[in-house]
Amino acid sequence: GRGTKKEMEDYETEALINNNSNNNNNGNAATYAYDTPQIRPVAAPLPKDADKMSFLEKLILRPSIPDAEKGHLGPMDKFMKYGRIPCKLLLNLTMVVLLTTEVIVFIPMDNHYHNDSVLALSDLFTPNGQTDDSPVMDYHFYETTEIVSFLNETWYTWDSINNTATGLYLFELDGNGERVLPYVEIEVKKNGTFVSIIGESHPDISTENIKCVLTPENPLGPFAMVSDNTRPVMIQGHDSKRTLTSKRKTRRTVNQPTTATTGFQLQQNPICNGDPLIFEKVSHFTVHFTVLNIRLGGPSNHPTIRRWSLSQEYAMTSRSGVVEFGLKYETGIVGRSFSKSAAAGQPYSLVPIFCLIIAVWDLVLRGKQARSEFHRKKKVATIKKHVETARACGSPSLVLQETGVDLMKPLVENDGMSDASSTSSGSSSLTQARRFDVEQELAEVISNYSDAWWEIEDNRVQWLVTAVVTDLLIVISRIVILYINLSSNTIPNSLIVAKSALCGFSVLFSWVVIISHLEHQPRFYLLMKTLRRGTPRALKFVSGCFPILMGYAILGTVMFGGYSDRFATLDGSFVVLFSVMNGDIIDETFESIYFESSFFLRVFSRIYLYTFIALFIYAILNILLAIMEDAYFQVKRQLIVGIREEQLNDGH
C-alpha cells in the first residue's frame with residue numbers, strides 16, 4: 001500500500017539519520033557523540049514507482065516532486081521524469097478551446113444583431129441616418145425650424161414604426177394595455193427668458209426641469225407654437241411628411257400615424273401645450289421613447305423580445321448658435337416564457353456549463369497549489385538566506401562559523417525530533433562528519449539555486465494569482481450567461497454589458513495563463529522575460545517625459561481649442577498628439593490648426609507641430625524603443641549562454 005505524505009517524510013528522515021549514525025559509529029564512535037535524538041521507526045512502505053501507477057492513480061494521487069524541481073520543471077518535463085499528469089495545462093487548454101469556440105460560434109450572432117439594430121434605429125431616429133454602413137449618432141442643428149421639423153418626424157416615425165420599418169417592432173404597453181408614449185424632459189429658465197437678463201445687474205439664470213408627454217394631439221409638446229403662435233406646416237393630418245435636413249442623402253416618406261391612444265390626460269404644466277418663446281428659455285431637452293423588437297433565431301433558436309430605450313439629446317447650454325444632437329440607447333431582454341430544460345440542453349448553454357465545471361476543477365487545483373506555496377514560503381526564504389550568507393562568506397564552511405546551528409536546521413528534515421537540537425548553538429555541537437555533510441549539502445544548494453531559479457520562484461506566485469483571477473472571472477461570467485439564457489425574468493441592459501465585459505476578460509486571461517506553462521521553454525518565453533526586464537526602465541523613462549507631453553497638450557488646448565475641434569478638450573489634445581507621435585493623422589493635424597486669418601497662429605502652429613514631432617518621434621520614441629531592444633538583447637544573450645551550458649552538460 002501507499003503511506004501518507006507525512007509518513008513518507010518521517011520514513012525518509014529516519015533512514016537518513018540512521019545511515020549517518022551507523023557510518024560514524026563504525027568509524028570513530030568514541031571520539032564523536034551525536035546530540036541528535038533517534039526517530040521512532042515508522043512502518044510505512046515507500047510509494048509506488050510512477051511507471052507502475054495507473055493513469056487514474058497518477059491523476060488522483062499525483063506523484064510527488066522534490067521542492068527544488070517542483071516549480072522549475074515544465075508540465076511535460078514533470079510527466080516524462082515523474083509521470084505526473086499535467087492537469088492544469090490540460091484544463092487550461094480545454095478551457096481556451098471552449099471559450100474560443102463560444103466566441104467564434106455564438107458571440108458573432110449577437111454582435112450582428114446588435115450592430116444591425118443600431119444601424120436601423122440610427123437611420124430612423126437621427127437626422128443623418130447612416131454613412132457608409134456606419135451609424136451616425138450625432139448631428140448639429142443651426143435653425144429652430146429644422147429642430148421642430150425633426151421632432152415632428154421623430155414622433156410619426158415612432159408612431160408608425162410597426163407598419164413602415166422592415167424589422168418586427170412593437171410598442172411597449174403600460175399596466176392598462178395602452179402604449180407607453182414618448183415624453184420630453186426639458187430644462188427651461190424659471191422666470192422670463194435668457195434674453196431678458198441682458199442689462200440686469202444680478203441676472204437670475206436659475207432653471208427648472210419639466211416633463212411633457214408627447215401625444216397624437218400634440219406631438220411637439222412645448223415646441224408646438226414656435227412659428228407665429230401656430231403649429232408648423234408638418235403636423236398630424238397631412239398625407240405625408242418629409243425631413244427638412246439637407247444632409248440626409250435620401251428623403252423618405254412616412255405614412256399617417258395610427259389613431260390616438262385612449263385614456264390620455266391633458267398636460268398639467270402650461271408650457272407642455274406650446275410656448276412661442278420656448279427657444280429663448282430652453283437650455284437642454286431630451287426626448288425619450290421605447291420600441292420593442294422581436295428577434296428570431298440567434299444562439300437560443302427561440303424568439304426573444306429586445307427592449308430598446310432611445311434618448312434624443314439636444315444640448316443648447318452655451319447658445320453659441322449650434323445645437324448638438326446625440327442619440328443614446330440602452331437595450332435589454334424582455335421576460336419570456338420557454339422550456340428551461342430544453343434551453344439547458346442547447347449548445348449555447350452546454351458550453352458555459354462545461355466551462356463552469358472546468359473552472360471549478362482548476363480552482364481546486366490552484367487552491368492546493370496555493371496551500372503548498374504557503375508552506376514552502378518559509379523554507380524557500382531560509383534557503384535563500386543560506387545562499388546569500390554562503391556567497392557573502394565565500395565558502396560553505398564559513399557559514400557555520402557565521403550563523404551557527406540554527407541556520408542549518410531547515411536544510412535537514414527534523415519532523416518528530418525533540419527540541420534538544422534546536423536549543424543547541426554554535427558549531428561545537430556538530431561532529432566533524434556532520435559538519436562535512438552540512439557543508440556538502442550547502443554547497444549543493446548554492447550551485448543549484450541560481451539567480452534563474454529565484455526568478456522562476458518569484459514568478460510562481462504571480463502566475464498563481466493570475467490563474468485564480470482567471471478562474472473566478474470564468475465562474476462569474478458563466479453564471480451570468482446561464483442566468484441570461486435560462487431566466488424568464490427581464491434582463492436589464494447593465495447585466496448584458498457586464499456579461500460582455502466578463503466574457504471578454506475571461507477569454508483574454510485564459511489565453512494569457514497559457515504563457516505560464518511556457519516559462520520553462522526559454523525560446524517561447526522570450527517576450528515575457530523581455531517585458532519583465534525592460535518595462536520598469538521604460539516606465540521610468542516615460543514618467544520623465546510625461547511632463548513634456550502634458551505641457552504640449554495643455555498648450556494645444558489653450559491655443560487651438562477655440563479654432564479646432566481636435567484640440568477643444570485636454571483629452572482630445574492627448575489623443576491627437578499620441579496619434580501624431582505614432583505617425584497617424586499628421587497631415588490632417590497640420591491643416592486643422594492652420595488659420596489663414598491670423599499670421600501669428602499660422603506661424604505658431606507650424607512651430608508647435610515641428611518641435612513636437614522632432615522631440616517625440618526622433619528622440620523620445622526612439623529612446624524608448626532602444627530601452628526595450630536592450631532588454632531583449634540581454635535576455636537573448638542569457639538564453640544563448642544557457643543553451644551552450646546545457647549542451648556542454650549533455651556532452652559530458
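What counts, and where the lines are drawn
- Residues numbered from 1 in each chain as written.
- Predicted model: local features only at pLDDT ≥ 70, side-chain atom pairs only at ≥ 80, totals over all residues.
- Heavy atoms only, no water.
- Helix = DSSP H or I, 4+ residues; strand = E, 2+ residues; numbered from the N terminus.
- Buried < 20%, exposed > 50% of the residue type's maximum accessible area, 1.4 Å probe, protein only.
- Contact = heavy atoms within 4.5 Å.
- Areas by Shrake-Rupley, 256 points an atom, 1.4 Å probe, with all protein chains shown as cover.
- Phe/Tyr/Trp six-rings, centres within 6.5 Å; stacked < 30°, edge-to-face > 60°.
- Lys NZ or Arg CZ within 6 Å of the ring centre and 35° of its normal.
- Core = buried A, V, L, I, M, F, W, Y, C linked by side-chain atoms within 4.5 Å.
- Disulfide = S-S within 2.5 Å.
- Patch = residues over 30% accessible without salt bridge, like charges linked within 9 Å, V, L, I, M, F, W, Y side chains within 5 Å.
- Salt bridge = Lys/Arg side-chain N within 4 Å of Asp/Glu carboxyl O.
- Lys, Arg positive; Asp, Glu negative; His and termini not counted.
- Charge placed at Lys NZ, Arg CZ, Asp CG, Glu CD.
- pLDDT = per-residue confidence, 0-100.
- Polar contact = N/O pair within 3.5 Å; in protein donor to acceptor, adjacent residues only side chain to side chain.
- Pairing = 2+ DSSP bridges.
- Axes fitted to C-alpha atoms, helices over the stretch in contact; angles between N-to-C directions.
- Parallel < 35°, antiparallel > 145°, perpendicular 65-115°, else oblique.
- Nonpolar A, V, L, I, M, F, W, Y, C, P; charged D, E, K, R; others polar.
- Left-handed = near helix turned anticlockwise from the far one by under 90°.

Summing up its helical and strand segments, the protein chain has 19 helices and nine strands in all. Here the protein chain holds 652 residues, and 40% of them are scored as buried. Looking at the protein chain alone, contacts between residues at least 24 apart form 70% of all its contacts between residues at least 6 apart. In the form shown here, the protein chain has an accessible surface area of approximately 36000 Å², with 58% of it arising from carbon and sulfur atoms.

As a further point, take the packing of aromatic side chains. Taken as a whole, this structure holds 27 aromatic pairs when the rule is applied. In textbook terms, an aromatic cluster arises when at least three aromatic residues are bridged by ring pairs, as seen for Tyr139, Phe141, Phe150, Phe223, Phe279, Phe285, Tyr314 and Phe325. Above the face of the Phe171 ring, Arg179 is positioned so that its terminal group lies 4.7 Å from the ring centre. Here the basic side chain of Lys211 rests over the ring of Tyr183, its NZ or CZ set 4.3 Å away from the ring centre.

One finds Phe125, Phe285 and Tyr314 to be the most contacted residues of the largest nonpolar core, which totals 45 residues. Sorting the residues of this core by element identifies helix H6 (107–125), strand E3 (138–141), helix H7 (144–159), strand E5 (183–189), strand E6 (207–213), strand E7 (282–295), strand E8 (304–315) and strand E9 (323–333) as the ones contributing at least two each. Once residues lying within four places of it in the same chain are set aside, the contact partners of Phe125 are Phe150, Thr154, Thr157, Trp158, Ile161, Phe289, Leu310, Gln312, Phe325 and Leu327. Membership of the second largest hydrophobic core comes to 21 residues, among which are Phe567, Leu577, Tyr608 and Ile620.

Quick look at the state of the cysteines now. Applying the stated criterion to the full structure yields one disulfide. A disulfide bridge connects Cys212 with Cys272, and the sulfur atoms are separated by 1.9 Å. On the sign convention where negative is left-handed, the bridge of Cys212 and Cys272, at about -70° about the S-S bond, is left-handed. Taken as a pair, Cys212 in strand E6 and Cys272 in the loop between E6 and E7 lie far apart in primary sequence, 60 residues in all. Here Cys212 and Cys272 have matching classes, each one buried. Lacking any disulfide linkage, Cys503 is separated from the closest cysteine sulfur, that of Cys355, by 9.4 Å.

The next subject is a negative patch on the surface. On the surface, a cluster of negative charge is contributed by Asp584, Asp587, Glu588 and Glu591. Checked against the element boundaries, Glu591 lands in helix H18 (residues 586–592).

A few words on the confidence of the model for the protein chain. Mean pLDDT over the protein chain works out to 75, with 67% of the residues at or above the 70 mark. Within the protein chain, helix H17 (residues 570–581) carries the highest mean pLDDT (94), whereas helix H12 (residues 420–423) carries the lowest (40). Note on residues 11–48: pLDDT under 50 across the span, and 45 contacts to partners over four residues away in sequence or across chains.

Here we take up the pattern of salt bridges. Once the charged atoms of two side chains with opposite charge are near each other, the side chains can pair. Evaluated as defined, the whole model comprises seven salt bridges. A salt bridge links Glu102 to Arg478, with the shortest nitrogen-to-oxygen separation between them at 2.4 Å. One end of the pair, Glu102, is in helix H5 (residues 87–105); the other, Arg478, is in helix H14 (residues 451–486), and 376 residues separate them in sequence. In this pair, the class of Glu102 matches that of Arg478, namely buried. Across the pair Asp275 and Lys281 runs a salt bridge whose closest N-O atoms are separated by 2.8 Å. Taken as a pair, Asp275 and Lys281 share a single burial class, namely buried.

Glancing now at the side chain of Ser477. As for its placement among the helices and strands, Ser477 is situated in helix H14. Within the local environment of Ser477, its side chain forms a polar contact with the backbone oxygen of Ile474, the two atoms lying 3.0 Å apart. Setting aside its immediate chain neighbours within four residues, Ser477 contacts Leu502, Cys503 and Ser506.

Considering the arrangement of structural elements, one finds Thr215 in the loop between E6 and E7. A distance of 3.0 Å separates a polar side-chain atom of Thr215 from the backbone nitrogen of Asn218.

What follows covers a nonpolar patch on the surface. Taken together, the side chains of Val103, Ile104, Val105 and Met109 define a hydrophobic patch exposed on the protein surface, amounting to about 320 Å² of accessible area. Sort the elements by how many residues they give to the nonpolar patch and H5 lands first, with three residues. Relative to the helices and strands, Met109 resides in helix H6.

Attention now moves to the pairing of E5. Where E5 meets E6, seven bridges bridge the pair, whose relative direction is antiparallel. Note on E6: the bridge partner recorded for Lys189 is Thr207. The sheet contact formed by E5 and E7 spans six bridges and is antiparallel. By the bridge assignment, Val188 is partnered in E7 with Val282.

The geometry of H5 relative to H6 is characterised by a closest axis approach of 4 Å and an angle of 30° between their N-to-C directions. In this view, H5 runs roughly parallel relative to H6, as classed from their interaxial angle. Judged by residue contacts, Glu102, Val103, Ile104 and Val105 of H5 engage Ile107, Pro108 and Met109 from H6. Of the residues assigned to the contact of H5 with H6, the class counts are six nonpolar, no polar and one charged.

A few words now on the packing of helix H16 (residues 526–560) against H17. Where H16 meets H17, the axes come as close as 9 Å, and the angle between the chain directions of the two elements is 120°. Considering their axes alone, H16 and H17 lie oblique with respect to each other. Crossing handedness for the pair H16 and H17: right-handed. Side by side, H16 and H17 meet where Phe546, Leu549, Met550, Tyr552, Ala553, Ile554, Gly556 and Thr557 of the first sit next to Leu570, Ser573, Phe574, Leu577 and Met581 of the second. Looking at the contact of H16 with H17 residue by residue, the class counts come to ten nonpolar, three polar and no charged.

By secondary structure assignment, the location of Leu124 is in helix H6. Leu124 gets classed as buried once you look at its relative accessible area, which sits at 14%. Between the C-alpha atom of Leu124 and that of Trp158, which follows or precedes it by 34 residues, the distance is 8.5 Å.

Attention now goes to unusual backbone geometry. One non-glycine residue, Ile585, adopts positive backbone phi at about 45°. Along the polypeptide, Ile585 turns up in the loop between H17 and H18.

Within the secondary structure layout, Lys281 lies in the loop between E6 and E7. Classification of Lys281 by relative accessible area gives buried; the value is 19%. Sequence spacing of Lys281 and Asn191 is 90 residues, and the spatial spacing of their C-alpha atoms is 8.8 Å. Aside from chain neighbours lying at most four places away, what touches Lys281 is Glu187, Val188, Lys189, Gly192, Thr193, Phe194 and Asp275.

Attention now moves to the pairing of E8. Pairing of E7 with E8, which is carried by twelve bridges, proceeds in the antiparallel orientation. Across the sheet, the residue bridging to Arg295 is Thr304, located in E8.

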